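Given next are the chains, with one letter for each unit.
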Amino acid sequence: MTTASICAFLLLAQFDLNSNELYRKGNAYYQQGKYGEAIVAYEQVSEEITNSRVFYNLGNSYFKRGMLGKAILNFRKAHFLSPRDDDIAYNLDFARNYRVDRIADMRSPILALLSKIFRFVSLFETQLLATSLFLFSILLLSLLLIYRRKIFLYAFIGVIVLCLFFSISWQSWRAEITGSYAVVVAPEVSATSGPGGNYKEIIVVHDGAEVSVRETRGGYALIQLPGGIGGWVPTNTLEYIF
Amino acid sequence: MLKRIGRFLLLFPTVLLAGEIRFVASVDRTEAGLGEPVILTLVVEGEELGQIANPKLPALPDFNIGGTSTSQSTSIQMAGGKSVRRQLINFIYTLYPRSVGESVIGPCELEFGGEVYKTNPISINVLKSGTAPSQPKSPLPSTGGEVPEGDLKLSATTNRKSVYQGEQVIVEYTLYTRLRLADMSLGELPSFNGFWVEPIFDAQRIEFKRRTIDGVLYDYCQLKKTALFPVTSGQLRISPMKLNIAVLQSPRDFFDFFGTTKTMVLESAPLFITVIPLPTENRPGEFTGGVGEFSITSSLDRDLSDAAEPINLTVRIAGSGNIKLLEKPAIPDIPGVKILNPEIKESVRFADNRFQGYKEFNYPLIPQTDGEHIVPAIKIAFFNPKARRYETVETSTLKFTATQTASAVELAQTGGLKVTGSDIRYIKPDVLHLANQRMSAGWWLLFPYTFAFVMIGLSLLYRRHQSRLLSDRAYARKVRSSRLLKSRLNEARRHLVKNREKEFHAALSRVLLGYIGDRYNLEVGALTNESIIEALRDREIEEDKIAELEYLLAQCDMRFSPDTKCDDPGVLYEKAKKLISRL
C-alpha cells in the first residue's frame, strides 16, 4: 500500500518535472525565434498543466507565426485563468486589433465597465469568495437569530450584498464556459445560409473572429458574430475556447 | 399500328451486344463549295462506355478543321431485369475544304476496350462556287417521337487547349436546338477546379437567337461564358455542364391534342486544358505572379511633407492578364522613410476577349528625417506568354522633401521616450514549478452550502426553544429540570461516595421531589409526601411507580429517626435513578 503510494508520488513528481522542463524548453525555442517548436512544446505542457503562463506563451508563439485565431484563443484561456494579469490583457487586445474583420464592440461603455469590474477575479477565486462570504453571512444570520442584536442584521446585509456581487461575477464567468464561444482558426471562411456547401454565402469571416455557436448540424456550425449577424461554417474552421 | 412496327424495325439495327460499340462517320453533305463547311459527325454508341477517348481523325490535307464539339446522351434501359446504361456520343467536326475536286475523308479510328474501330472513308465533291442550300431546312421540324441527333446539343468550347499557368482561357457553354423546348433547368454546373474563375456572362433567362450553321437554322442561346486563369499546372479537366430539358413533341394524332413532352439530361463534353508551368530558369526576383502584358507607373500625391505627414506613393500596374492575382511589388528601402502596408485597389473589365485593367498599390510613406528623399525605381517582372519569356518593367524614380519631421516625432513621444513601434509583450519567464491553476471549483463546493443550511436549521430550532422557554412555563421547567436533576444527582453521589448517609438521604429526597415538581409542574416545596402521591395519582401514573416513589421517599425520611436502620444507600441511589428514567 505504502510502496504503491510512494511510487505514484514519484511518478507524479516525474511528470511535473517533465512539464516544467518542457515549458523551459518552449521558452528557449521562443527566444531563438523557433516559434513552431515552441508551440509544440507549450501545447504538450498545456495538456498536462493548466496554467495561464503556458497559454500566454502559447498565444505569443501563435501570434508570431501569424495564426491569429489560435493566438486569441490561447490569450482568452490565459485571461480566464488570470484576469488581473496586465500582459495577458494587453496581448489579447493587441492580437484582436490585428484581425481582418473590424467587428465593433457593440456593448455600451457601461456594460463594458461592469464586465471589467465583475471579471476582476477569476472564476475559481470568485467561487471561493462567494462561498465563504455566503457561509459568513449565514453565520451572521444565525447569530442574529440567537442573540437578536441589530449589529448582526447590519453585518448580515453588508456581507450578503458582497456575496451577491461575487455571485454575479461567478455567473458571468460560468456563461463564458457554458455559452459555447469559439474562435475562427481558418484564414478565411464564408458563412452560408445553411449547413452545407451549396447555400448562399452571407458573410466572410477571417482568422481570429470571436463567435458564439448557436447550433451544430452535420459538420456545420451556426455562428453568430457580436453584431448579431451570422451563418453556417464548417466546424473544422472553429475552435471552442472551453 | 404499321407505323409503330416500322419504328421498331428502325430501332432494331442499333441493338448491340454488351461490350460492343457502333462507330459510324457521316457528313451532312457530300457536295460543298470551296470554303464552305462540311460537318463530319462521328457517332459512338454502346453500353457502359464510361470514359471514352476522343477518336483519331485521319490526316486531312484537303481540309481545314474549323471547330469541334461533342454531345452526349445517355439512356437507361431495362432489359431482362437488369438496367443497362446506353450512351451515344457525337463528335462533331467542322471541316473546310481547301481545294476543288474530289477530297476524301479517310477512315477515323477509335480505340475502345483494346480494339480499334474504323469508319468507312467518305468522299466529298468540292465545287468551285458555293452551293447555297437550295431549300433551307425547316427551322422547327415536327419530329415524330425520338429526338433526332444533332437537333439538340450543349456545346462546351474553349478558345485555347493549352495555356501557360496564369494565362487566360475562355470557356463558353451554348445550347443549340432545332426543337421546341418546354422547360429547361440547370442540372449541374461545370467545376473549375484549379482555376481562378472570372465570370464574363451568365444567362439570367433563356432567350434564343437564330443562326444558320452549315446551312441549318438553329435556335441558340449562350448560357455561360467564363474566363479561367489556371493556378496549377498539368492536364486540368473541367467537368461537363448538365441541363435537364423537356422537349415538346408534336401531337401524334388528333386526340393527342397538346402533344407530349420528353425530358432528358443534356450533357456537354468535358473540357481538357493542358497547363504548362511557368519556366523556372531565368525567373527574375521581381516576379510577382503576373502572366500577360503589363506596364508599371508610380506617382506621389505631394512632393512636400511637413511635420511627418504621410505621403502616398501610388504604384499602378496596368495591362491585360491575371491582374487580380498580382501580388504587391517589393518597394526598395528608402533611408529615413517608413513604408507602411499598402491599400490595394483594382479595376478590371473584359474587353477584346481578355481581361484588362489595373491594380493600384497605395503605400503611405512617413518621413522620419528632414531633407530630400528619393523613391527608387520600382521593378516588377511578369511572364509574357506570347513572347514566352519573362519581361521586367520599372518606374522612374521620384523624390519628395520632408520638413519638420523632428517636431512631429516629438509629439508621438511619451515622457521623452521615442515610440518607434509596437508588438505583443514578451513571454512569461521560466519558473521553478508550474502550478496547476484551477479553472473552477469541484463538487466539494457543495459542502459549505449544505453546512450553511444545517446551521440555519439549527439556529431556527434554537430560536424556537428560546421563545418557548419564555412563553411556555411547563416547557421551561422541563428544560430546567434535566439540568438541575443532573447536579442534584451528582450531589447525592458525592455524599454516597463519602459515606455521609444523612446528607445523602437529604440530597436524594431533593432529587426526587425536584424532579417530580419539574416533570409534573407541581409546587413540591409546599406539599407533603402524601399530597404529592395524591397529585400523581390524579395524573394517572402507574401504581407500581407511585409505590416505588413512596418507598424511596419513606427511606429518605428515615434520616429524621436516628434509630431505624435504612436500606443500603447505594441500592437506593440506583433505584432512584431507575425510577426517574421510567417516569
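Higher on the page you've got the structure.
Conventions used here
- Residues numbered from 1 in each chain as written.
- Chains lettered and ligands numbered in written order.
- Predicted model: local features only at pLDDT ≥ 70, side-chain atom pairs only at ≥ 80, totals over all residues.
- Heavy atoms only, no water.
- Contact = heavy atoms within 4.5 Å.
- Buried area = accessible area lost by both parts, 1.4 Å probe.
- Salt bridge = Lys/Arg side-chain N within 4 Å of Asp/Glu carboxyl O.
- Polar contact = N/O pair within 3.5 Å; in protein donor to acceptor, adjacent residues only side chain to side chain.
- Nonpolar A, V, L, I, M, F, W, Y, C, P; charged D, E, K, R; others polar.
- Helix = DSSP H or I, 4+ residues; strand = E, 2+ residues; numbered from the N terminus.
- Pairing = 2+ DSSP bridges.
- Axes fitted to C-alpha atoms, helices over the stretch in contact; angles between N-to-C directions.
- Phe/Tyr/Trp six-rings, centres within 6.5 Å; stacked < 30°, edge-to-face > 60°.
- Buried < 20%, exposed > 50% of the residue type's maximum accessible area, 1.4 Å probe, protein only.
- Lys NZ or Arg CZ within 6 Å of the ring centre and 35° of its normal.
- Core = buried A, V, L, I, M, F, W, Y, C linked by side-chain atoms within 4.5 Å.

A. Region of interest: the interface of chain B and chain A. With 32 residues of chain B in contact, the opposing surface of chain A contributes 49 residues. Both sides together, the interface formed by chain B and chain A hides about 4000 Å², and carbon and sulfur atoms give 62% of it. Summed over the shared surface of chain B and chain A, the result is 5 salt bridges. One salt bridge connects D86(A) with R425(B), and the closest N-O pair in it is separated by 3.3 Å. Our count for the chain B to chain A interface comes out at 26 residue pairs in polar contact (both at pLDDT 80 or more). When its residues are assigned to classes, the side of chain B that touches chain A shows 20 nonpolar, 6 polar and 6 charged.

B. Structural view of the environment of P107(B). All names here are of chain B. Counting through the fold element by element, P107 comes out in the loop between β6 (101-105) and β7 (109-112). Between the C-alpha atoms of P107 and N120, which are 13 residues apart in sequence, the distance is 5.3 Å. Apart from the residues within four sequence positions on either side, P107 is in contact with P58, K118, T119 and P121.

C. Focus on the sheet that holds strand β22 (residues 304-306) of chain B. Residue and element names in this part refer to chain B. Reading across from one edge, β22-β30-β27 is the order of the 3 strands in this open sheet, with mixed pairing throughout. A single partner strand is all that each edge strand has here, and the edge strands are β22 and β27 (371-375). The sheet shows a mean angle of 25 degrees between the axes of neighbouring strands, direction not considered. The pairing of β27 with strand β30 (residues 398-403) spans 5 bridges and is antiparallel.

D. Seen up close, the pairing of strand β6 (residues 230-234) of chain A. Residues and elements named next belong to chain A. In the sheet, strand β5 (residues 220-224) pairs with β6 via 5 bridges, with the strands oriented antiparallel. Across the sheet, the residue bridging to I223 is G231, located in β6. Hairpin geometry of β5 and β6 is characterised by an intervening segment of 5 residues between the two adjacent antiparallel strands and by a positive phi of about 105 degrees at G228.

E. Region of interest: the packing of aromatic side chains. By the definition in use, this model includes 23 aromatic pairs over all chains. Centroid distance F165(A) to F166(A): 5.1 Å. Interplanar angle 85 degrees. Geometry classified as edge-to-face. Judged by its relative accessible area of 26%, F165(A) falls in the partly exposed class. Members of the aromatic cluster, connected to one another through ring pairs, are F63(A), Y90(A), F94(A) and Y98(A). Over the face of the ring belonging to Y90(A) we find R425(B), whose NZ or CZ atom lies 4.1 Å from the ring centre. The positively charged end of K428(B) is found above the aromatic ring belonging to Y56(A), 5.0 Å away from the centroid.

F. Examining the nonpolar core more closely. Y23(A), Y42(A), F63(A) and L434(B) are the most contacted members of the largest nonpolar core, which has 32 residues in total. Contributions of two or more residues to this core are made by α1 (2-31), α2 (35-48), α3 (52-64), α4 (68-81) and α5 (86-97) of chain A. With 7 residues, the single largest contributor to this core is α4(A). When neighbours within four sequence positions are excluded, F63(A) is seen to be in contact with L68(A), A71(A), F94(A), A95(A), Y98(A), D423(B) and I424(B). Formed by 29 residues, the second largest nonpolar core is a distinct cluster that contains V511(B), I532(B), L572(B) and L583(B).

G. Quick look at the environment of R178(B). Among the structural elements, R178(B) can be located in the loop between β12 (169-177) and β13 (180-188). Taking C-alpha positions, R178(B) is 5.4 Å from Y218(B), a pair spaced 40 residues apart along the chain.

H. View of the side chain of S212(A). Residues and elements named next belong to chain A. Here S212 shows up in strand β4 (residues 210-217). The class for S212 is buried, based on a relative accessible area of 15%. Sequence-distant contacts of S212, that is, excluding residues within four places in its chain, are made with S180, Y181, L222, I223 and Q224.

I. Layout of unusual backbone geometry. With a phi close to 50 degrees, R148(A) is a non-glycine residue in the positive phi region. Structurally, R148(A) can be placed in the loop between α7 (123-147) and α8 (150-178). By relative accessible area, which is 47% here, R148(A) ends up partly exposed. Positive phi is not limited to glycine here, since N499(B) has a value of about 65 degrees.

J. The arrangement of the pairing of strand β8 (residues 115-118) of chain B in detail. Residues and elements named next belong to chain B. As judged from the 4 bridges shared by β7 and β8, these two strands associate in the antiparallel manner. In the strand pairing of β8, E111 is matched with V116. Hairpin geometry of β7 and β8 is characterised by an intervening segment of 2 residues between the two adjacent antiparallel strands and by a positive phi of about 60 degrees at G113.

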